[in-house]
Amino acid sequence: MTQIYNFSAGPAVLPKEVLQQAAAEMLDWHGSGMSVMEMSHRGAEFMSILETALADLRELLAVPDNYKILFMQGGALAENAIIPMNLVGRKPQPATIDFVHTGSWTAKSINEAKKYANVRIAAAAPDGRFHAVPKRAGWNLHRDAAYLHVCTNETIDGVEYHFNPDAGDVPIVADMSSHILSRVIDVAKYGVIFAGAQKNIGPAGLTIVIVREDLLGHALPCCPSAFDWKIVAEHGSMYNTPPTYAIYIAGLVFQWLKRQGGVAAMEQRNIAKASLLYDYLDASAFYRNEIAKDSRSRMNVPFFLRDESLNEAFLVGAKAHGLLQLKGHKSVGGMRASLYNAMPIEGVQALVDYLKEFEQKYG
Ligand SMILES: *Cc1c(COP(=O)(O)O)cnc(C)c1O
């Protein structure tokens, strides 16, 4: 079989070592006689898996002691409702939420938040095209906001924050679904960090929520108990059955990340991978990336062929070279290469080699 490189934006590539380990342990986890899928979530075996995963994630992200890590379900989109239900109660009703509008995912978050609060757009890309993170100096923040919502990596548009946002005393809620664990972050700068697992962590079904303790305990009466962060935290993410197998795989990914040298080492590799691709695109007259250089995502690289009539031939040729899932999101078009932690630099090199070969043939 040809070497395969999977550039999907999510669900996405996982480390081969992790999949091999999961396969080896599929029928009998550590001599327990059971698959992880068959274990009681309250049994000693699964509890050890959960506790190790929590401790490893805390270590990898250097999560301070006054933050809870919650393993939830519903994906990042469910959090778009769960977050306001947990946070707007801190302010007199109707509360207001500030947003920095950077693309497709903040658009969805804004629409959902409107069900629970007044929404103000503190900043947005001026031309309505999401090609850059709005400069911090231009943000129009409100001191009475219940929180400020940002998406620090816009998976579809390919726009990433390369600075820690700040909003004074107003807690910042950050959707980090598609770049969590790809770079060093200062958790203490945020009130809440959330991420669906299926981009850079593990299988779909698990949602990570990292929340500062003083933000617990303000849920609106309408908030389902299973989505009330305080209740979830008090039950150690076991108020109801958590997504056990997804947690197990995420735990294997955390151990793999530690063996790779942790998040700082991953960040260096991610910089090298992204530079390799962007440098080629920038030097070529055949392809183009439209994102401002200071806002380019290291994880998701949308790019276009100047002659879009070649798109289909490009994708067919890519597949024949073992380069999978490069088609861009339908709202943006063109191509998109996602370079998550589990994508080795060899995969990016193979993509660049193919870009060159295709350009030589058709350029
Ligand atoms: C994928 C993604 C989501 C949606 O996640 P679901 O798990 O499908 O709900 C939200 N935000 C960002 C930034 C994403 O990349």
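Because the structure is predicted, anything quoted here is derived from the model rather than measured.

Peer 1: Any chance you could explain unusual backbone geometry here in plain terms?
Peer 2: A negative phi angle is the norm for most residues apart from glycine, just as the trans form is the norm for most peptide bonds. In the segment running from glycine 10 into proline 11, the intervening peptide bond is cis, with an omega of -10°. Structurally, proline 11 can be placed in the loop between β1 (5-6) and α1 (16-24). Residue glutamine 93 is joined to proline 94 through a cis peptide bond whose omega torsion reads -5°. Inspection of the secondary structure puts proline 94 in the loop between α3 (75-87) and β3 (96-101). Phi angles above zero are rare outside glycine, and histidine 30 is one such case at about 50°. Looking at the element boundaries, histidine 30 is found in the loop between α1 and α2 (44-61).

Peer 1: Just to check I follow, could you spell out the site of the ligand for this structure?
Peer 2: In the vicinity of the ligand, the residues found are Gly75, Ala76, Leu77, Trp105, Cys151, Asn153, Thr155, Asp175, Ser177, Ser178, Gln198 and Lys199. Contact distances for the ligand include 2.4 Å between an oxygen atom and a side-chain N or O atom of threonine 155. A distance of 2.7 Å separates a nitrogen atom of the ligand from a polar side-chain atom of aspartate 175. For the ligand, the accessible surface in isolation is 390 Å², of which the surrounding protein chains cover 86%. The element that contributes the greatest number of residues to the shell around the ligand is α3, accounting for three residues. Classifying every residue of the shell around the ligand by side-chain character gives four nonpolar, six polar and two charged.

Peer 1: Is there a simple way to explain empty space enclosed by the protein in this structure?
Peer 2: Rolling a probe over the atoms, with the probe sized like a water molecule, indicates the empty space that remains. All told, the structure shown has one cavity of 30 Å³ or more when counted by the stated rule. By volume, the largest cavity amounts to about 60 Å³. Around the largest cavity, the lining residues are Val13, Leu14, Pro15, Lys199, Asn200, Ile201, Val253, Trp256, Leu257, Tyr340, Asn341 and Ala342. For the lining of the largest cavity, the per-class residue count stands at nine nonpolar, two polar and one charged.

Peer 1: For this particular structure, what's the right way to read the domain arrangement of the protein chain?
Peer 2: By a widely used convention, the size of an interface equals the accessible area lost when the partners come together. For the protein chain, the assigned domains read domain 1 (17-259) and domain 2 (262-362). With 27 residues of domain 1 at the interface, the matching set in domain 2 holds 24 residues. Summed over both partners, the interface of domain 1 with domain 2 buries about 2100 Å², with 51% contributed by carbon and sulfur atoms. Counting across the interface, domain 1 meets domain 2 through two salt bridges. The residue arginine 129 makes a salt bridge to glutamate 290 at a minimum N-O spacing of 3.9 Å.

Peer 1: Quick question: what am I supposed to make of a nonpolar patch on the surface here?
Peer 2: Together, Met26, Leu27 and Met37 make up a nonpolar patch on the protein surface, roughly 320 Å² of accessible area in all. By the element assignment, methionine 26 lies in the loop between α1 and α2. Taking the relative accessible area as the measure of exposure, methionine 26 reaches 31% and is therefore partly exposed.

Peer 1: In this structure, what is going on with the environment of isoleucine 180? I would like to understand it.
Peer 2: Along the chain, isoleucine 180 turns up in the loop between β8 (172-175) and β9 (192-196). Taking the C-alpha atoms as reference points, isoleucine 180 and aspartate 282, 102 residues apart in sequence, are found 26 Å from one another. Aside from chain neighbours lying at most four places away, what touches isoleucine 180 is Leu61, Ile193, Ala195, Asn200 and Ile201.

Criteria and thresholds
- One numbering rule holds for all chains: residues counted from 1, following each sequence as written.
- Where local features are concerned, this predicted model is filtered to residues with pLDDT of at least 70; where side-chain atom pairs are given and counted, the filter is 80 or more; whole-chain, interface and lining totals use all residues.
- The side-chain values count all of the structure's non-hydrogen atoms but skip hydrogen atoms and water molecules.
- Strands are runs of DSSP state E lasting at least two residues, helices are runs of H or I lasting at least four, and both sets are numbered from the N terminus onward.
- Residues are classed as near a molecule or strand on a simple rule: at least one heavy atom within 4 Å of it.
- We define a polar contact as two N or O atoms separated by no more than 3.5 Å, with the added condition that, inside protein, one atom must be a possible hydrogen donor and the other a possible acceptor, whereas residues neighbouring each other in sequence contribute only through side-chain atom pairs.
- Exposure was quantified through the Shrake-Rupley algorithm and a 1.4 Å probe, taking into account, for residues, occlusion by the shown protein chains and nothing else.
- We call Asp, Glu, Lys and Arg charged. Ala, Val, Leu, Ile, Met, Phe, Trp, Tyr, Cys and Pro are nonpolar, and the rest, Gly among them, are polar.
- Definitions used throughout: a 1 Å grid over protein atoms alone; a cavity as a set of points that fits a 1.4 Å probe which cannot get out; a pocket as an open set with protein on both sides within 12 Å along at least five of seven lines; a lining residue as one with an atom within 4 Å of a point.
- Grid points are joined across faces, edges and corners, and a volume is the space filled by probe spheres set on the points.
- Residue ranges for the domains trace back to a domain assignment, done automatically or taken from a database.
- Should any heavy atoms of two residues lie within 4.5 Å, those residues are considered in contact.
- By buried area we mean the combined loss of accessible area, with a 1.4 Å probe, across both parts when two parts are placed together.
- Salt bridges are identified by distance alone: a Lys or Arg side-chain nitrogen within 4 Å of an Asp or Glu carboxyl oxygen.
- For patch building, the residue pool is restricted to those with more than 30% relative accessible area and no salt bridge; the joining distance is 9 Å between like charges and 5 Å between nonpolar side chains (Val, Leu, Ile, Met, Phe, Trp, Tyr).
- The rule is simple: take the accessible area with a 1.4 Å probe, protein chains only, and divide by the maximum for that residue type; under 20% is buried, over 50% is exposed, in between is partly exposed.

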